[in-house]
Amino acid sequence: METQLRTPQFRMTNYHEKKWLVIYTKPRWEKKVDKLLKQNGIECYCPVRDVVSQWSDRKKEISVPLFSSYVFVHVDAYEQSRALYVMGALGFVYYMGKPAVVRDNVIDEIRTNLVRYKDMEIVSLNNLTVGDTVKIKDGALVNQMGKVLQIQGKNVLMIFETINCALVTRVSIQNLSVHNISRNHEN
């Protein structure tokens with residue numbers, strides 16, 4: 001009888017292979033962390049969008065991070081720990097017990113879309129509930145106000161009360177801005 005010895009098959013990790021990871025930062029430290037990482041020779045990306053901010057005496061265009069408290073870093077296994085020693089970096093974002101890896105094409109899409117769509121923004125579904133009054137920012141019904149009837153994934157079923165009739169339409173959440181939050185948020 002022949003005995004076969006099985007050697008365990010370990011997956012060899014290339015420690016010099018760079019991957020995009022996500023660093024969680026202190027609130028409002030995204031651009032500072034991005035600058036510090038670059039000063040330390042670590043490739044990083046903090047997507048920003050330009051918005052016009054209104055103060056009582058003036059308007060000013062400012063750059064605002066697209067993702068709150070997140071900076072992307074392109075690091076290998078050796079650079080991971082160096083990236084966390086930057087002031088303002090709190091840790092990596094984890095998925096299933098490991099640092100979350102963002103594919104290269106996703107980073108490329110973010111870069112492309114920021115150039116193509118200057119007013120792009122990330123909209124949290126947590127801030128939107130049934131009964132909220134919202135304003136449409138783009139499309140055929142631009143600047144129309146309506147109430148949220150139902151939230152279906154990334155789309156919202158809305159009602160517009162105009163000229164004594166109801167017009168119901170489905171609108172993408174990214175094309176809405178909340179104007180009058182319903183009483184459900186007053187907890």
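The structure displayed is predicted, hence computed values, not measured ones.

Enquirer: It is not clear to me how the nonpolar core should be interpreted in this structure. Could you clarify?
Expert: Among the nonpolar cores identified, the biggest contains 14 residues, and Ile23, Leu37, Ile42, Val71 and Val73 are the most heavily contacted of them. Of all the secondary-structure elements, those providing two or more residues to this core are strand 1 (19-25), helix 1 (30-39), strand 5 (70-75) and strand 6 (89-92). The element contributing the most residues to this core is strand 5, with three residues. Residues Trp20, Val22, Phe72 and Ile110 belong to the second largest nonpolar core, which totals ten residues.

Enquirer: Teacher, can you tell me more about helix 1 here?
Expert: Inspection of helix 1 places Glu30, Val33, Asp34 and Leu37 among the buried residues, and these make up the whole buried set. An end-on view of helix 1 places all buried positions within 105° of arc, on one side of the element. Exposed side of helix 1, more than 90 degrees from the buried face: Lys35 and Gln39 are the residues found there. Where the residues of helix 1 are buried, they touch strand 1, strand 2 (43-45), strand 4 (59-65), strand 5, helix 2 (77-84) and strand 6. In the segment just after helix 1, glycine 41 is the residue with positive phi, at about 80°.

Enquirer: For this particular structure, what's the right way to read the pattern of salt bridges?
Expert: Evaluated as defined, the whole model comprises three salt bridges. For the salt bridge of aspartate 34 with lysine 38, the shortest nitrogen-to-oxygen distance reads 3.1 Å. In this pair, aspartate 34 and lysine 38 are both assigned in helix 1, four residues apart and thus about one turn of the helix distant. In this structure, the salt-bridge partner of aspartate 57 is arginine 58, at a minimum N-O distance of 3.2 Å.

Enquirer: Please explain the pairing of strand 4 as it appears in this structure.
Expert: Both faces of the sheet carry side chains from a regular strand, because those side chains alternate between them. Alignment of strand 3 (residues 48-54) against strand 4, held across seven bridges, turns out to be antiparallel. Directly across from aspartate 50, in strand 4, lies its bridge partner serine 63. Hairpin connection of strand 3 to strand 4: four residues between the antiparallel strands.

Enquirer: Help me out: how do you make sense of the environment of valine 71 in this one?
Expert: Mapped onto the secondary structure, valine 71 falls in strand 5. Put simply, valine 71 and tryptophan 20 are 51 residues apart on the chain and 10.0 Å apart in space, counted from C-alpha to C-alpha. Those residues within four positions of valine 71 in sequence are excluded, and the remaining contacts are Leu21, Val22, Ile23, Thr25, Glu30, Val33, Asp34, Leu37, Cys44, Tyr45 and Cys46.

Enquirer: Looking at this structure, I do not really get a nonpolar patch on the surface. What am I missing?
Expert: Side chains of Tyr24, Tyr70 and Leu90 sit close together on the surface and give an oily, nonpolar patch of about 290 Å² of accessible area. Inspection of the secondary structure assignment puts tyrosine 70 in strand 5.

Enquirer: Sorry, what's going on with unusual backbone geometry here?
Expert: Residues other than glycine predominantly adopt negative phi, and peptide bonds predominantly adopt the trans conformation. A positive phi angle is found at arginine 28, which is not glycine, with a value near 60°. Here arginine 28 lies in the loop between strand 1 and helix 1. Even without being glycine, serine 69 reaches a positive phi, approximately 65°. Here serine 69 shows up in the loop between strand 4 and strand 5.

Enquirer: What am I meant to see in the packing of aromatic side chains here?
Expert: Aromatic rings considered in pairs are described by the distance between their centres and by the relative angle of their planes. Counted by the stated rule, this structure contains three aromatic pairs. Each residue in the set Tyr45, Phe67 and Phe72 is aromatic and connected to the rest through ring pairs, giving one cluster. Directly above the aromatic system of tryptophan 29 lies the positively charged group of lysine 26, at a separation of 4.9 Å from the ring centroid. Sitting over the face of the ring of tyrosine 45, arginine 111 holds its NZ or CZ atom 4.3 Å from the ring centroid.

Quick notes on the rules
- Residues numbered from 1 in each chain as written.
- Predicted model: local features only at pLDDT ≥ 70, side-chain atom pairs only at ≥ 80, totals over all residues.
- Heavy atoms only, no water.
- Core = buried A, V, L, I, M, F, W, Y, C linked by side-chain atoms within 4.5 Å.
- Buried < 20%, exposed > 50% of the residue type's maximum accessible area, 1.4 Å probe, protein only.
- Helix = DSSP H or I, 4+ residues; strand = E, 2+ residues; numbered from the N terminus.
- Arc of directions from axis to C-beta.
- Contact = heavy atoms within 4.5 Å.
- Salt bridge = Lys/Arg side-chain N within 4 Å of Asp/Glu carboxyl O.
- Pairing = 2+ DSSP bridges.
- Patch = residues over 30% accessible without salt bridge, like charges linked within 9 Å, V, L, I, M, F, W, Y side chains within 5 Å.
- Areas by Shrake-Rupley, 256 points an atom, 1.4 Å probe, with all protein chains shown as cover.
- Phe/Tyr/Trp six-rings, centres within 6.5 Å; stacked < 30°, edge-to-face > 60°.
- Lys NZ or Arg CZ within 6 Å of the ring centre and 35° of its normal.

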